[in-house]
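# Observations on chain architecture
Okay, here's what each chain looks like letter by letter:
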2 protein chains.
Amino acid sequence: MTVENSELERRVEHFKSVVKDAGIKLTHQRLEIFREVASSEDHPDAETVFNAVRTRMPTVSLDTVYRALRLLNDLGLVGTLGPRQEAVRFDANLTHHHHFICVRCGLARDFESTALDNIPITDAAKQFGRVETTHVDIRGICKQCLETSR
Amino acid sequence: MTVENSELERRVEHFKSVVKDAGIKLTHQRLEIFREVASSEDHPDAETVFNAVRTRMPTVSLDTVYRALRLLNDLGLVGTLGPRQEAVRFDANLTHHHHFICVRCGLARDFESTALDNIPITDAAKQFGRVETTHVDIRGICKQCLETSR
DNA sequence: CTATTTGCAAATAATTTGCAGTGCG
DNA sequence: CGCACTGCAAATTATTTGCAAATAG
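Note that the structure is predicted; figures quoted are calculated from it, not measured.

What counts, and where the lines are drawn
Residues numbered from 1 in each chain as written. Chains lettered and ligands numbered in written order. Predicted model: local features only at pLDDT ≥ 70, side-chain atom pairs only at ≥ 80, totals over all residues. Heavy atoms only, no water. pLDDT = per-residue confidence, 0-100. Helix = DSSP H or I, 4+ residues; strand = E, 2+ residues; numbered from the N terminus. Near = heavy atom within 4 Å. Polar contact = N/O pair within 3.5 Å; in protein donor to acceptor, adjacent residues only side chain to side chain. Nonpolar A, V, L, I, M, F, W, Y, C, P; charged D, E, K, R; others polar. Phe/Tyr/Trp six-rings, centres within 6.5 Å; stacked < 30°, edge-to-face > 60°. Buried < 20%, exposed > 50% of the residue type's maximum accessible area, 1.4 Å probe, protein only. Contact = heavy atoms within 4.5 Å. Buried area = accessible area lost by both parts, 1.4 Å probe. Salt bridge = Lys/Arg side-chain N within 4 Å of Asp/Glu carboxyl O. Domains from an automatic or database assignment.

## Things to note about the confidence of the model for chain A
- Residues of chain A with pLDDT of at least 70 account for 99%, and the chain-wide mean is 93.
- Averaged pLDDT values over the elements of chain A bottom out at 90 in helix H6 (residues 123-126) of chain A and peak at 98 in helix H2 (residues 28-39) of chain A.

Spelled out as structure tokens, the structure:
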């Protein structure tokens, strides 16, 4: 699935200006790596980006892809699907529930809300297939982190 | 943070009955590992469960913890925080958006919805700290998978 | 008893890092 | 031309697996 050209060009221009403003070098590989993520709607992982970029740029290495993706993430030019997890975390609460996630320390807490269990599913979502469950992820800063930063 | 005793006991009884019905052996280590996840509200990872169980059962090994957690997950006795990801997946769409995730093949697609951007935050969530963003994850089966299973 | 399960150690897979050569600004 | 960046190979981290000994039912 591909992003339309006008949107892609907008993203590439934004990338160039952010990179320049950050005083970071605009290398051929960084441009190709960014273009690859920015032109896909597939949420590719590092390996997938590597294989795609490699067809046009056979000398690129996998670790450069990792380094570039991390850089893009730090610059806020790309995000990741779900909060960056170090390891899989388990949950024995089997009732339908939602999560509060602290973006600073990773604290995760369940909460229940029948209102959120029943939010209306937009047609935008239904077009992709059959909907089974809806989870709301609320991201923010937990009380503990708010205090320690004061 | 600890789960109340009555709830913990209910979970342990459910665990025992599911394990028995599945014809799987109820070992000391499985019980302790399940009890650890079921009594915590912290969404521990395998290493954390291992360290906690180890204090009461010094001979337990880390790989037994991994095996038990995977078994519990397969039996539907525990869930994981976020969809099980093999690798980090990137996203160059920086607008506020939500995700449709296919639980069968992992396909992920963005969609936008001002209605979902503005769902009311319950007090239940506010008590944990300062809320920054709200993401809705819709899980289901994508069109492609629905067709191939027909 | 006997098939499952465990603990150990070694194998994988994703990701990161040290280092010497290369190229952007 | 200098320092950030790249490619290579080796290190780390989370997780899985093969195998002989231990144990639940």
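Let's pick the thread back up.
## Considering the protein's contact with DNA strand C
- Taken together, 21 residues form the shell around DNA strand C, and within it Tyr-66 and Arg-70 of chain A together with Thr-27, Asp-63 and Thr-64 of chain B come nearest.
- The share of sugar and phosphate among atoms of DNA strand C within 4 Å of the protein is 64%.
- A distance of 2.9 Å separates a phosphate oxygen of DNA strand C from a polar backbone atom of Leu-26 of chain A.
- With respect to DNA strand C, the side chain of Arg-70 of chain A contributes an N or O atom lying 2.6 Å from a phosphate oxygen.
- Secondary structure elements with two or more residues in the surface near DNA strand C: helix H4 (62-74) of chain A together with helix H2 (28-39) and helix H4 (62-74) of chain B.
- Element by element, the count of residues in the surface near DNA strand C is highest for H4 of chain A, at five residues.
- Of the residues assigned to the surface near DNA strand C, the class counts are seven nonpolar, five polar and nine charged.

## Let's talk about the packing of aromatic side chains
- All chains considered together, the criterion is met by four aromatic pairs over all chains.
- Seen in terms of ring centroids, Phe-100 of chain A and Phe-128 of chain B are 5.6 Å apart; in terms of plane orientation they differ by 40 degrees. Their pairing is tilted. Placement of Phe-100 of chain A in strand S3 (residues 98-102) and of Phe-128 of chain B in the loop between helix H6 (123-126) and strand S5 (129-142) is noted, with the two residues assigned to different chains.
- Overall, the relative accessible area of 0% leaves Phe-100 of chain A in the buried class.

## Side note on the interface of chain A and chain B
- In this assembly, 64 residues from chain A lie in contact with 63 residues from chain B.
- Carbon and sulfur atoms make up 60% of the area that chain A and chain B hide from each other, which totals about 5,800 Å².
- Three residues stand out in chain A for area buried against chain B, namely Leu-81, Phe-90 and Phe-128 of chain A, and they jointly supply 15% of the buried area on that side.
- Across the chain A-chain B interface, the total number found is two salt bridges.
- Between Arg-109 of chain A and Asp-42 of chain B there is a salt bridge; the shortest N-O distance is 2.9 Å.
- Here chain A is connected to chain B by 28 residue pairs in polar contact (both at pLDDT 80 or more).
- If one sorts the elements of the side of chain A that touches chain B by residue count, strand S5 (residues 129-142) of chain A sits on top with 14 residues.

## Quick look at the domain arrangement of chain A
Residues and elements named next belong to chain A.
- Its domain assignment divides chain A into domain 1 (5-91) and domain 2 (98-149).
- In this structure, domain 1 and domain 2 have C-alpha centres spaced 26 Å apart.
- Taken together, the four residues of domain 1 in the interface contact five residues of domain 2.
- Carbon and sulfur atoms make up 38% of the area that domain 1 and domain 2 hide from each other, which totals about 330 Å².
- Of all residues in domain 1, Pro-83, Arg-89 and Asp-91 give up the largest surface area on contact with domain 2, accounting jointly for 90% of the area buried on that side.
- Seen at the junction of domain 1 and domain 2, the total is zero salt bridges.

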